[in-house]
Amino acid sequence: MLEADVIILASPVYVFHSTGSMKAFLDHYGYMWMVHRPHEKMFSKQAVCISTAAGAGMKSTNKDMNHSLFFWGVPKRYKIGLAVFETRYSHLSEKVLKKIDKKTSSVAAKIKRHSGKVHVSFLTRVMFFAMHIAQRNGFNESDKNYWQEKGWTGKKRPWKNNN
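Before going into details, it helps to say that this report is about the structure given with it. (Residues numbered from 1 in each chain as written. Predicted model: local features only at pLDDT ≥ 70, side-chain atom pairs only at ≥ 80, totals over all residues. Heavy atoms only, no water.)

1. Overview of the pattern of salt bridges
Turning to step 1, where the next piece is worked out: What the rule picks out here adds up to 4 salt bridges.
Turning to step 2, where the next piece is worked out: One salt bridge connects Lys-41 with Glu-3, and the closest N-O pair in it is separated by 2.7 Å. In this pair, Lys-41 is assigned in the loop between α1 (20–28) and β2 (46–53) and Glu-3 in the segment before β1 (6–12), connecting sequence segments 38 residues apart.
Turning to step 3, where the next piece is worked out: In this structure, Lys-23 and Asp-27 form a salt bridge, with 2.7 Å as the shortest nitrogen-oxygen distance. Here Lys-23 pairs with Asp-27, and both are found in helix α1, just 4 residues apart, close to one helical turn.
Turning to step 4, where the next piece is worked out: On the basis of relative accessible area, Lys-23 is assigned to the partly exposed category, the value being 46%.
Turning to step 5, where the next piece is worked out: Taking relative accessible area as the criterion, Asp-27 reaches 47% and is therefore assigned partly exposed. (Salt bridge = Lys/Arg side-chain N within 4 Å of Asp/Glu carboxyl O. Helix = DSSP H or I, 4+ residues; strand = E, 2+ residues; numbered from the N terminus. Buried < 20%, exposed > 50% of the residue type's maximum accessible area, 1.4 Å probe, protein only.)

2. Observations concerning the layout of surface pockets
Turning to step 1, where the next piece is worked out: Its volume calculated, the largest pocket comes out at about 240 Å³.
Turning to step 2, where the next piece is worked out: What lines the largest pocket is simply Val-13, Thr-52, Ala-53, Ala-54, Leu-82, Val-84, Glu-86, Thr-87, Arg-88, Tyr-89, Leu-92 and Ile-100.
Turning to step 3, where the next piece is worked out: Looking at the lining of the largest pocket residue by residue, the class counts come to 8 nonpolar, 2 polar and 2 charged.
Turning to step 4, where the next piece is worked out: Size it by volume and the second largest pocket reaches roughly 190 Å³.
Turning to step 5, where the next piece is worked out: Residue lining of the second largest pocket: Ala-4, Asp-5, Val-6, Ser-44, Lys-45, Gln-46, Ile-111, His-114, Ser-115, Gly-116, Lys-117 and Val-118, and that is the complete set.
Turning to step 6, where the next piece is worked out: Across the lining of the second largest pocket, the residue classes tally to 4 nonpolar, 5 polar and 3 charged. (1 Å grid on protein atoms, 1.4 Å probe; cavity = no way out; pocket = protein on both sides within 12 Å on 5 of 7 lines; lining within 4 Å. Points joined across faces, edges and corners; volume = space filled by probe spheres on them. Nonpolar A, V, L, I, M, F, W, Y, C, P; charged D, E, K, R; others polar.)

3. A look at unusual backbone geometry
Apart from glycine, the bulk of residues carry a negative phi angle, and the bulk of peptide bonds sit in the trans form.
Turning to step 1, where the next piece is worked out: With a phi close to 65°, Phe-16 is a non-glycine residue in the positive phi region.
Turning to step 2, where the next piece is worked out: Structurally, the position occupied by Phe-16 is in the loop between β1 and α1.
Turning to step 3, where the next piece is worked out: Positive phi, close to 55°, is recorded for Phe-85, a residue that is not glycine.
Turning to step 4, where the next piece is worked out: Considering the arrangement of structural elements, one finds Phe-85 in the loop between β3 (76–83) and α3 (94–114).

4. Concerning the packing of α1 against helix α2 (residues 58–72)
The description of two helices packed together rests on the angle between their axes and the distance between the axes.
Turning to step 1, where the next piece is worked out: At a minimum axis separation of 11 Å, α1 and α2 run at an interaxial angle of 10°. As summarised for this structure, α1 and α2 are arranged roughly parallel, according to the angle between their axes. Where α1 approaches α2, its residues Met-22, Phe-25 and Leu-26 are matched on the opposing element by Asp-64, Met-65, Ser-68 and Trp-72.
Turning to step 2, where the next piece is worked out: A class-by-class count of the residues in the contact of α1 with α2 yields 5 nonpolar, 1 polar and 1 charged. (Axes fitted to C-alpha atoms, helices over the stretch in contact; angles between N-to-C directions. Parallel < 35°, antiparallel > 145°, perpendicular 65-115°, else oblique. Contact = heavy atoms within 4.5 Å.)

5. Thoughts on the environment of Gln-148
Turning to step 1, where the next piece is worked out: Following the sequence through the fold, Gln-148 ends up in helix α5 (residues 141–150).
Turning to step 2, where the next piece is worked out: Residue Gln-148 is classed as partly exposed on the basis of its relative accessible area, which comes to 38%.
Turning to step 3, where the next piece is worked out: In the structure, Gln-148 is positioned 12 residues away from Arg-136 in sequence and 7.8 Å away in space, judged by C-alpha atoms.
Turning to step 4, where the next piece is worked out: Residues within four places of Gln-148 in sequence aside, it is in contact with Arg-136 and Thr-153.

Here it is as structure tokens:
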């Protein structure tokens, strides 16, 4: 993920949320949340959350994935939720395939337009500032040391020097 230009997270809808496998993946990378040990490379990335369902639940599924992306520091995130009314790709109607192409092409154009030009949002800056204050004292010694080594408890910010 750290070397990727774009992160794509995809999940079918299971009981109005992402799959257990996706949840396990997101939990595995919980250590990279801003409250713990975020990686500076994440603050310059774009990401896409894609969910499909036979009927409904795409919004909450994409929200699951988008939530982690935000707390990893990813500044530009897109969501594609598609009700495909089918369980197999080979059975999708021409109308649904055209809808998929239109939505994915639109997001791809936005990604291309913002390539190398993403900016950290005000909300991310506020969240980072809150974590910066919390890490000055630190409730977890490892996290506190990480933040101090990065210089983030001082004036350095990860989006200003992405090594």
